[in-house]
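# Structural overview
Each chain, written out:
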2 protein chains.
Amino acid sequence: MVKQERALRTRQALIRAGAELFAREGFVAASLSTISGEAGVSNGALHFHFENKRALARAVEDEALARLRRITAESLERDGRALPALVDATYELVDRIAEDVVVRAGFGLGDDPGRGEAASLRREWRYWVEDSVRRAERDGWLARGVPAADAVTAVVAATVGFEVLGGEDEAWLSRDRVTGFWRLLLPRLTDRHALVIAVSGR
Amino acid sequence: MVKQERALRTRQALIRAGAELFAREGFVAASLSTISGEAGVSNGALHFHFENKRALARAVEDEALARLRRITAESLERDGRALPALVDATYELVDRIAEDVVVRAGFGLGDDPGRGEAASLRREWRYWVEDSVRRAERDGWLARGVPAADAVTAVVAATVGFEVLGGEDEAWLSRDRVTGFWRLLLPRLTDRHALVIAVSGR
C-alpha cells in the first residue's frame, strides 16, 4: 500500500516534470534524463513508469484532459444553464492555463509539430463549446438571428488565441482580457442582460 | 548577373524548403540535409547562404514578415478606411496562411518552443490590428460604448486562433469561418451597416 502510494507519487512527479520541460523546450528537445532529474528520480524509475517520451507525453496530455473536463464539469455545476456555464468555463480555463503547467503543456503538445499527434485538448474544448452553444440555443438563450455556428467559431477561435498568445505574454491569460472579449461579444450573443452585466462587473 | 540571379533563386528555394520542413516537423526536428535535398541543392550551397538552422529560420521569418506587411499594405490600398481595411486583411491573412507555406511557417516558428525566439509575426499582426482599431475609433467608426481595447483583444485572439486551429483543420482557414466571426462581431463593433452587409455577403 505504501509502495503503491510512492509509485503513484513518482508517476505524478514525472508527469509534472515532463509537462514543465515540454512546455519550455517542446517535445523533440525535451530530454528524458533532464525530466527524471527534475522529478528527483532515476532514469530507471522513469522507464519503469513510461516506455518512452511519447508515452510520457501521452500521460501529460491525459492528465491535462482530465483537468480540462473537471473545469467544464465544475462550471456546469456552478450554473446549470449552458451560456453562463460557458462564460464561466472560459475564465476558469485561462486561469488554469496560467497557473497549471500540466494543463498548459497539454494544450501545447497538441500543437507541437515535432510530436505529430492530434490536438486532443483543443478538440475536447471545441466539442464542449459546440455542445454548450447548442444547448444555449435550444434553451432560448441565443439572440434571434445569431447562428449558433458563428458563436462557436468566435468562442473557440478566441479562447485558443488566448491560450497561444498567453505562452508569449501572460497578460493574455488575465481575467481582464477575457472580460474584454465577453463584454464585446455577449450583448450580441444574448438578450439576457443579467449575464452581460455580470461579465462586465468581473 | 546570371550568377547573382541563380544565387537568389537558390536562396529562395532554400527558404521555401526550410518553411516546408519547419511547418511539418518543427524547428528542432527539421534536418538541414533534408532541406537542402528538397531544395535540390548541395549541403555546401545551403551553408554558403545560411550559417546554421537558426539563420535559415530567421530568413523564413523575415520573408514571412515581408509578405504579412504586403497583405496589410494592400488591404489599406484597396480601402483607405481603417475598419474595412482591417476586415479585408483578416480574409487575406487566412487565405495566405492556407496557401503560402512561408507565411504559415513564419507564424508557426514564433510558437516553436524548441527555437526559443519571440513570435515576431504575431507581434507585427497585433500592432497592425491595434493601429487599425485606434484609427477606426478616431475616424468615428467604432460604435459608442465599445472600448477599442476590447476590439483589439477579440480580433487578435480570434485571428491567432484561426491560424493555430488551421494547422490541424484547414476549415478554420476558410472565408466562411472568417465571415462567421465578423457577422457576429461587426454589428456590435460599428454602426456602419454597409460594412456589416458587405461582410455578410462574402
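Relevant structure appears above.
As a starting point, this report considers the structure included with it. Note that the structure is a prediction, hence the values are computed from the model and not measured.

## Observations concerning the layout of surface pockets
Each pocket or cavity is described by its volume, and for the largest pocket that value is around 1100 Å³. Residue lining of the largest pocket: 47 residues in total, with A:Asp111, A:Asp112, B:Asp111, B:Asp112 and B:Pro113 positioned closest to the centre. Looking at the lining of the largest pocket, the elements that each hand over two or more residues are α1 (2-25), α6 (101-110) and α8 (148-166) of chain A together with α1 (2-25), α6 (101-110) and α8 (148-166) of chain B. Ranked by the residues each element gives to the lining of the largest pocket, the list is headed by α6(B), at seven residues. What lines the second largest pocket is a set of 15 residues, among which A:Arg177, B:Glu130, B:Ala149, B:Val152 and B:Thr153 lie closest to the centre.

## So, the relation of the copies chain B and chain A
Least-squares fitting of chain B to chain A yields an RMSD of 0.0 Å, with the superposition described by an axial translation of 0.0 Å and a rotation of 180 degrees. Within this description, the copies of the chain are treated as partners about a two-fold rotation axis. Both copies contact each other with a shared surface, as 100% of the interface residues of chain B are interface residues in chain A too.

## Some points on the interface of chain B and chain A
If you look at the interface, chain B gives 39 residues, while chain A gives 39 residues. Note on chain B versus chain A: buried area summed over both sides is about 3000 Å², and carbon and sulfur give 69% of it. Among the residues of chain B in contact with chain A, B:Asp150, B:Leu184 and B:Arg188 are the three that bury the most area, contributing 22% of the side total. Inspection of the region where chain B meets chain A yields four salt bridges. Our count for the contact surface shared by chain B and chain A stands at eight residue pairs in polar contact (both at pLDDT 80 or more). For the side of chain B that touches chain A, the secondary-structure elements that each account for two or more residues are α1, α7 (120-138), α8 and α9 (175-189) of chain B. If you tally residues by element for the side of chain B that touches chain A, the top one is α8(B), at twelve residues. Taken together, the residues of the side of chain B that touches chain A break down into 23 nonpolar, six polar and ten charged.

The rules behind each value
Starting afresh in each chain, residues are numbered from 1 along the sequence in its written order. Chains and ligands are labelled by the order in which they are written, letters from A for the one and numbers from 1 for the other. Note on the predicted model: pLDDT of at least 70 is required for a residue's local features to be given, and 80 or more for side-chain atom pairs to be given and counted; whole-chain, interface and lining totals, by contrast, use all residues. By convention in this description, side-chain values take in all heavy atoms of the structure and omit both hydrogens and water. A cavity here means a set of points on a 1 Å grid, drawn over the protein atoms and nothing else, where a 1.4 Å probe fits but cannot get out; a pocket is an open set with protein on both sides within 12 Å along at least five of seven lines, and a residue lines either one if it has an atom within 4 Å of a point. Grid points are joined across faces, edges and corners, and a volume is the space filled by probe spheres set on the points. Where helices and strands are cited, they refer to DSSP runs of H or I of at least four residues and of E of at least two residues respectively, numbered from the N terminus. Our superposition of the copies is a least-squares fit, built on the C-alpha atoms of residues whose pLDDT is at least 70 in both. Any two residues whose heavy atoms approach within 4.5 Å are treated as being in contact. Buried area: the accessible area, evaluated with a 1.4 Å probe, that two parts lose upon being put together, summed over both parts. Should a side-chain nitrogen of Lys or Arg be within 4 Å of a carboxyl oxygen of Asp or Glu, the pair is scored as a salt bridge. For the purposes of these results, a polar contact is taken to be a pair of N or O atoms within 3.5 Å, where, inside protein, one atom must be able to donate a hydrogen and its partner to accept one; residues adjacent in sequence count only when each atom of the pair is a side-chain atom. Gly is placed with the polar residues, together with every amino acid not listed as nonpolar (Ala, Val, Leu, Ile, Met, Phe, Trp, Tyr, Cys and Pro) or charged (Asp, Glu, Lys and Arg).

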